[in-house]
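# Structural overview
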Amino acid sequence: MDRQHLRFVAHIDILGMSAIMEHDAEEAWGMLSDLVAARDHIMNLGMVNLHSKKAIAASQVIQSATFSDTIILFTKGASDSELRYMIILLGEIFHKALYRCVPIRAGLSCGKFFFNTELSMYAGPALIEAYRIGEAAQWIGISLADSIQQQANKLDMKSGASDIIVKWPVPVKNTGTEQRSVINWPAIFAHDLKITPPISVAHFYQAFERSFGPFSSLPAEVQAKYINTVNFMNQQLALHASA
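Residues numbered from 1 in each chain as written. Predicted model: local features only at pLDDT ≥ 70, side-chain atom pairs only at ≥ 80, totals over all residues. Heavy atoms only, no water.

## As for the pattern of salt bridges
Evaluated as defined, the whole model comprises 9 salt bridges. Lys158 serves as the salt-bridge partner of Asp156, at 3.9 Å between the closest nitrogen and oxygen. A relative accessible area of 49% places Asp156 in the partly exposed class. Judged by relative accessible area, Lys158 falls into the partly exposed class, the value being 44%. The salt bridge partner of Asp163 is Lys158, with a shortest N-O separation of 2.4 Å. Salt bridges here are not isolated pairs; linked through shared partners, they connect Asp156, Lys158 and Asp163. (Salt bridge = Lys/Arg side-chain N within 4 Å of Asp/Glu carboxyl O. Buried < 20%, exposed > 50% of the residue type's maximum accessible area, 1.4 Å probe, protein only.)

Have a look at this one:
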């Protein structure tokens, strides 16, 4: 395979951003600002290189760009270490986003990706794949595209005794569910929980009610996204506790 311009690409967007922008532009801008602040905080953190054992800033390995309600992340190449950094970074951004009451979903892929930061140009099949895999998912979570699943599984990343990459029947638009590899964020951050699981949908949604209104007023398909998220969260937390 021609590995020129081959990179890992993540596409992150805010769930329900269009609706909130139409309802309250200032609130939407604040939510996007919070997500960008979470990204910037994580990008400045040190990450340990497994070979050199030295800490390097995430920004030395991964670059990012923001447009509208979307953040994209991309690497210089497609090595195992870069994929490991990307998975860790995505998990941390997801964690900080939830802490700031920003519901996000993301897709991660590998493929051709071209960029020119000076001209703000970003394009390639990898970005399209990452967008599609993330946007189709009916939940708050991080899905891995087919192009990346095998390499990600071989990394055998762990959080305690739990796998960081797990298989899950992800609910998707129009087709029911798809068996995907996903990032096991509930296990990674189980130690940060302030309440004992299982988590109720009502309790989980409380963080987003200020932005999106009462849960009962949401359309059924939107309610389902939060229900799907809580189902995943509770099952992974239970497995993590028994591991």
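What follows picks up the thread again.
## What about the packing of helix α2 (residues 25–43) against helix α3 (residues 80–99)?
The contact between α2 and α3 brings their axes to 9 Å, and the two run at 140°. Relative to α3, the element α2 is oriented oblique. Note that α2 runs across α3; the crossing there is right-handed. Taking contact as the criterion, the partners of Leu35, Ala38, Arg39, His41, Ile42 and Met43 in α2 are, on α3, Leu89, Glu92, Ile93, Lys96 and Ala97. Of the residues contributing to the contact of α2 with α3, the split by class is 7 nonpolar, 1 polar and 3 charged. (Axes fitted to C-alpha atoms, helices over the stretch in contact; angles between N-to-C directions. Helix = DSSP H or I, 4+ residues; strand = E, 2+ residues; numbered from the N terminus. Parallel < 35°, antiparallel > 145°, perpendicular 65-115°, else oblique. Left-handed = near helix turned anticlockwise from the far one by under 90°. Contact = heavy atoms within 4.5 Å. Nonpolar A, V, L, I, M, F, W, Y, C, P; charged D, E, K, R; others polar.)

## Details of the nonpolar core
Core analysis: the largest hydrophobic core is formed by 68 residues, its most contacted members being Leu73, Ile87 and Leu90. Looking at this core element by element, the count peaks at 10 residues for α3. Discounting chain neighbours no more than four positions away, the residues touching Ile87 are Leu108, Ala152, Leu155, Met157, Ile164, Ile165 and Ile183. (Core = buried A, V, L, I, M, F, W, Y, C linked by side-chain atoms within 4.5 Å.)

## Details of the packing of aromatic side chains
By the definition in use, this model includes 13 aromatic pairs. Pairing Phe113 with Phe115 gives two aromatic rings, centres 6.4 Å apart and planes at 25°, and the pair type is stacked. What links up through ring pairs into an aromatic cluster is the set Phe94, Trp139, Trp168, Trp185 and Phe232. (Phe/Tyr/Trp six-rings, centres within 6.5 Å; stacked < 30°, edge-to-face > 60°.)

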